[in-house]
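# Per-entry structural report
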Amino acid sequence: MFEYAPAPESRDVVDIRPSYGLFIDGEFVDGTGKPFKTVNPASEEVLAEVATASPDDVDRAVRAARKAFGGWSALPGAERAKYLFRIARIIQERSRELAVLESLDNGKPIRESRDVDLPLVAAHFFYYAGWADKLGYAGYGPDPRPLGVAGQVIPWNFPLLMLAWKIAPALACGNTVVLKPAETTPLTALLFAEICGQAGLPPGVVNIVTGAGETGAAVVNHPDVDKVAFTGSTEVGRQIARAVAGSGKKATLELGGKAANIVFEDAALDQAVEGIVNGIFFNQGHVCCAGSRLLVQESIGAELLDALKRRLGTLRLGDPLDKNTDIGAINSAAQLAKIRELSDLGEAEGAERWSPSCALPDKGFWFPPTIFTGVAQSHRIAREEVFGPVLSVLTFRTPAEAVEKANNTPFGLSAGVWTEKGSRILWMASKLRAGVVWANTFNRFDPTSPFGGYKESGYGREGGRHGLEAYLDV
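Everything numeric here is computed off the predicted structure, so don't read it as measured data. (Residues numbered from 1 in each chain as written. Predicted model: local features only at pLDDT ≥ 70, side-chain atom pairs only at ≥ 80, totals over all residues. Heavy atoms only, no water.)

## A few points about the UniProt feature "domain: Aldehyde dehydrogenase" (unreviewed entry) in the protein
Within the UniProt annotation, "domain: Aldehyde dehydrogenase" (unreviewed entry) is assigned to residues 28–473. For the annotated span residues 28–473, helix accounts for 41% and strand for 17% of the residues, and the straight-line distance between the end C-alpha atoms is 31 Å. (UniProt positions renumbered as here; feature names shortened; annotations may be inferred. Helix = DSSP H or I, 4+ residues; strand = E, 2+ residues; numbered from the N terminus.)

## Overview of the UniProt feature "active site" (unreviewed entry) in the protein
Mapped onto this numbering, the UniProt entry gives "active site" (unreviewed entry) at Glu 254. Summarising the element assignment, Glu 254 is placed in strand S11 (residues 250–254). Classification of Glu 254 by relative accessible area gives buried; the value is 4%. Residues within four places of Glu 254 in sequence aside, it is in contact with Trp 165, Phe 230, Thr 231, Gly 232, Cys 288, Leu 413, Phe 451, Ser 457 and Glu 462. (Buried < 20%, exposed > 50% of the residue type's maximum accessible area, 1.4 Å probe, protein only. Contact = heavy atoms within 4.5 Å.)

## Let's talk about the packing of aromatic side chains
The way to describe two aromatic rings as a pair is by their centre distance and the angle between their planes. Summed over the entire model, instances satisfying the criterion amount to 13 aromatic pairs. With a centroid separation of 6.2 Å and an interplanar angle of 65°, the aromatic rings of Trp 165 and Phe 445 are classed as edge-to-face. In this pair, Trp 165 sits in helix H5 (residues 159–172) while Phe 445 sits in the loop between strand S18 (436–439) and strand S19 (458–459), placing the two residues 280 residues apart along the sequence. Taking relative accessible area as the criterion, Trp 165 reaches 7% and is therefore assigned buried. Here the aromatic residues Trp 165, Trp 438, Phe 442, Phe 445 and Phe 451 are joined through ring pairs into a cluster of three or more. Positioned above the aromatic ring of Phe 264, the side-chain terminus of Arg 424 is 4.5 Å from the ring centre. The ring of Tyr 454 has Arg 461 sitting right over it, with the charged end atom 5.5 Å from the ring centre. (Phe/Tyr/Trp six-rings, centres within 6.5 Å; stacked < 30°, edge-to-face > 60°. Lys NZ or Arg CZ within 6 Å of the ring centre and 35° of its normal.)

## Points about the packing of helix H3 (residues 95–106) against helix H4 (residues 110–131)
A pair of packed helices is captured by two measures, namely the crossing angle of their axes and the spacing between those axes. One can describe the packing of H3 onto H4 by two numbers: an axis separation of 8 Å at closest approach and a directional angle of 125°. When the interaxial angle is binned, H3 and H4 end up oblique. Handedness of the H3/H4 crossing: right-handed. Across from Ser 95, Leu 98, Ala 99, Val 100, Glu 102 and Ser 103 in H3, the residues of H4 making contact are Ile 110, Ser 113, Arg 114 and Leu 118. Class assignment of the residues belonging to the contact of H3 with H4 gives a composition of 5 nonpolar, 3 polar and 2 charged. (Axes fitted to C-alpha atoms, helices over the stretch in contact; angles between N-to-C directions. Parallel < 35°, antiparallel > 145°, perpendicular 65-115°, else oblique. Left-handed = near helix turned anticlockwise from the far one by under 90°. Nonpolar A, V, L, I, M, F, W, Y, C, P; charged D, E, K, R; others polar.)

Rendered as structure tokens:
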């Protein structure tokens, strides 16, 4: 592997405050809960102290959103679109600052923050700005109405992108928002609050409350919240589904996954290897739709595995702000412990573990890219979401066996198919119980395309025209 000289992105483009409050009714205010610290997972350095929103603080935010709803929903769609377009342009103008802050707070490589996350964030606001004055033509009736106040809870793996997925359609449809970011990655959401002010968004239209699970529960359970949107674990998703059942609240849940990445013997091998790497090692495997189960046709199993190991030997793990880095830091000590536990269980259950030679930094939360072979369907690493850079490899002989193994999971969020035969791709896509099926690629996203799952991967769709329905009274 070539030795690259360090190419660090400058931290000077970001001005991190010592402490942050809550963003309620257009202003930053103190929280009444016990503040917490957010840390850089690559170094364990404390970045800032962040306020915790108590139930009373959440109530203030919901009341501000309710008060703003009347004026915001009454605006013509073209006027709401102007705000969304303005937010999108400011995101583009401040994209370098946002990307650096995302990598510092999350641990993901700057190349991913800069080249994937931020362009998609802006694209979602641009896209839904275009829908704001065309809702009558979206297929949900001639005069669809907004729901009211949307309570939104987002995860730590794509903090700013998940914010865009939820806030952009909500505002385009005329709703107001109370959003809670993950407690380990609140900083880009709080910078987005500044952007809302810079764009002149009316006070109360977007409110951001920070804290842990108790704060999220207060948002979900607030009686004046009309719509709940959650992305996160299946376990928490079940709790939210029980909480909103019978309440009249509309809900969308985008939960866990255990996607199958299926490679047939006629696939372009080098292309498939790149797709496998992107499918599971992108963002350190912190991806709900990650291709964490590789199903490879038996006749090419050994050849593909050799090529995959060679490719993993070229991945660079280290400083997330270095532009050469491929694998960044695990987001938190708790997540690292979970990855280690499930990986140790994989070995204990009889699977063979392999990682490339990889020096881990002394400080921070790190885990090397890892492959397990000899995996059985019954192994926990093949059934449970590891949410880390861990790939389980299984084999199959026929397309029917591939479908059976791919669908043998409680999840149903995504899948990938690698083959030169278009007819086989279409047949597989019709048989796979997954919300998204990629053909000869993986982890490709577009704001015009709906995303969501089946079974324990949740319900509802985000993105595209379909993403409007979740925020309209239809």
